[in-house]
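Remarks on the overall topology
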Amino acid sequence: MQNTLYVVVPCYNEQEVLPETARRLRDKLQYLMNRGRISRKSRILFVNDGSRDGTWEIIERLHIGNHLFSGLNLSRNRGHQNALLAGLMYAKDRADMAISMDADLQDDIDAVDEMVDKYLEGVDIVYGVRSSRERDTFFKRTTAEAFYRLMNALGAETVFNHADYRLLSRRALEGLSQFREVNLFLRGIVPMIGYRTDVVTYERGERFAGESKYPLKKMLAFALEGITSLSVKPLRLITGLGFFVFLVSLFMILYNIIRWVTGNTVTGWASLSCSVWLIGGLILLSLGVIGEYVGKLYMEAKGRPRFLVQDVVDEQD
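Let us now look at the packing of aromatic side chains. Overall, the coordinates contain two aromatic pairs when judged by the stated rule. Geometrically, the ring pair formed by phenylalanine 46 and phenylalanine 69 is stacked, given 6.1 Å between the ring centres and 20° between the ring planes. Of this pair, phenylalanine 46 sits in strand 2 (residues 43–48) while phenylalanine 69 sits in strand 3 (residues 69–74), and the two are 23 residues apart along the sequence. A residue is classified by how much of its surface remains accessible, and phenylalanine 46, at 0% relative accessible area, is buried. Between tyrosine 165 and tyrosine 202 the ring centres are 5.2 Å apart and the planes differ by 85°, which places this aromatic pair in the edge-to-face class. With tyrosine 165 in strand 6 (residues 162–169) and tyrosine 202 in strand 7 (residues 197–202), the pair connects residues that are 37 residues apart, well separated along the chain. The same class applies to tyrosine 165 as to tyrosine 202, namely buried. The ring centre of tyrosine 90 lies 3.6 Å from the NZ or CZ of arginine 94, which sits over that ring.

Below you can see the structure in the form of structure tokens.
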């Protein structure tokens, strides 16, 4: 086996950090190739997700200067998950293994060595997991950990403190290609593939340059996407909530009958208004959750392409 490795890096407006990211990844792959752990056909694949800055021009220059760098240019911005999938599906037919990571250099590149070692031992999926969150602010740490706990509690199986830094073997990539969802949440889909898995822990660093692409608002939207794409548990919670409210209403009916029998028939506006607001809020919440699932079905039924590739720069093509 040649042990060809593709490192897939989605990029959106990363012109500030991309040259440094390219340098560090080049040095890492050269190191592994010189020691015979990966093939000379290995590549660093940057996926430009419709960037509005000079990201694609930098990728083209990197490829011209060193054919170790390859690039995909998507026709428009399709979001991080679709850009990542585009790179992985491109690598599927060219690599024995693929490692996905972000361009911001927060993922420890040195963890690649241990990921490759585990692949050579026969592991198909290796998750990069943060060893701690001590460098995060209290707010960031609390919301991030709440994100993973909420996802798992609502039925979206994820690996705690794991983002999208992982190694997938060709067999795992083939398995991933069989998932046809338009609404992508790879952190939940990859654990569904199965096969032999393992974990590599690493210390996550500070972003080298630029700004985060996942502020709180996007993280909340990302969580909603993952939950509704992978689990029907919210619908079951609505059913349980409806049953609970029905039981409460039975007790209220019994309470009013008792008051009528005892002659205490004076009713207060507070209990009535609270009941109306409660039921109205529950109905709107339930309709919102159901509408989210109906919207997902609508998008899945259309079967639109998840991404379109406009340009490719790769020595092997």
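Turning our attention to the sheet that holds strand 8 (residues 309–313). Spatially, the eight strands line up as an open sheet ordered 7-5-6-4-1-2-3-8, and their pairing is mixed. Single-partner strands in this sheet number two, and they are strand 7 and strand 8. Strand-to-strand twist in this sheet, taken as the mean axis angle between neighbours without regard to direction, amounts to 20°. In this structure, strand 2 lies alongside strand 3, joined through five bridges in parallel fashion. Following the sheet pairing, leucine 45 is matched in strand 3 by serine 70. Against the sheet, helix 1 (residues 18–34) makes contact with strand 1 (5–11), strand 2 and strand 3, and its axis sits at roughly 155° relative to strand 2, the strand it touches most.

Here we come to helix 1. An ideal rise of 1.5 Å per residue puts 24 Å on 17 residues; helix 1 measures up with 24 Å between its terminal C-alpha atoms. Every buried residue of helix 1 is accounted for by Leu18, Glu20, Thr21, Ala22, Leu25, Lys28, Leu29, Leu32 and Met33. Tucked inside the fold, the buried residues of helix 1 contact strand 1, strand 2, helix 2 (55–65), strand 3 and helix 4 (111–120). Where helix 1 terminates, the next one or two residues include glycine 36, which has phi positive at roughly 70°.

Let's shift gears to the packing of helix 1 against helix 4. Where helix 1 meets helix 4, the closest approach of the two axes is 10 Å, and the angle between their N-to-C directions is 40°. Considered as vectors, helix 1 and helix 4 are oriented oblique to each other. In this structure, helix 1 crosses over helix 4, and the sense of that crossing is right-handed. The residues of helix 4 that touch helix 1, namely those facing Lys28, Tyr31 and Leu32, are Val112, Asp113 and Val116. For the contact of helix 1 with helix 4, the residue count by class is four nonpolar, no polar and two charged.

Turning next to the pairing of strand 1. With seven of its seven residues buried, strand 1 lies for the most part within the structure. By the alternation rule, side chains of strand 1 split into Leu5, Val7, Val9 and Cys11 and Tyr6, Val8 and Pro10, which are all buried. Relative to strand 4 (residues 97–100), strand 1 runs parallel, the two being bridged by four bridges. Note that in strand 4 the partner of valine 7 across the bridge is isoleucine 99. Here strand 1 runs beside strand 2; their pairing, made up of six bridges, is parallel. When the sheet's bridge partners are listed, tyrosine 6 is paired in strand 2 with arginine 43. Taken together, strand 1, helix 1 and strand 2 constitute a β-α-β crossover, and its handedness is right-handed.

Judged by nonpolar contacts, the single largest core of 38 residues is most densely connected at Leu5 and Phe46. Within the residue set of this core, elements represented by two or more residues are strand 1, helix 1, strand 2, helix 2, strand 4, helix 4, strand 6 and strand 7.

Turning our attention to the environment of glutamate 60. Positionally, glutamate 60 belongs in helix 2. Relative accessible area serves as the criterion here: at 31%, glutamate 60 is assigned to the partly exposed category. Separated by 252 residues in sequence, glutamate 60 and valine 312 have C-alpha atoms that sit 9.4 Å apart.

Reading the values: rules and limits
- Residues numbered from 1 in each chain as written.
- Predicted model: local features only at pLDDT ≥ 70, side-chain atom pairs only at ≥ 80, totals over all residues.
- Heavy atoms only, no water.
- Phe/Tyr/Trp six-rings, centres within 6.5 Å; stacked < 30°, edge-to-face > 60°.
- Helix = DSSP H or I, 4+ residues; strand = E, 2+ residues; numbered from the N terminus.
- Buried < 20%, exposed > 50% of the residue type's maximum accessible area, 1.4 Å probe, protein only.
- Lys NZ or Arg CZ within 6 Å of the ring centre and 35° of its normal.
- Pairing = 2+ DSSP bridges.
- Axes fitted to C-alpha atoms, helices over the stretch in contact; angles between N-to-C directions.
- Contact = heavy atoms within 4.5 Å.
- Expected span 1.5 Å × (residues − 1).
- Parallel < 35°, antiparallel > 145°, perpendicular 65-115°, else oblique.
- Left-handed = near helix turned anticlockwise from the far one by under 90°.
- Nonpolar A, V, L, I, M, F, W, Y, C, P; charged D, E, K, R; others polar.
- Right-handed = clockwise from strand over helix to strand, strands pointing away.
- Core = buried A, V, L, I, M, F, W, Y, C linked by side-chain atoms within 4.5 Å.

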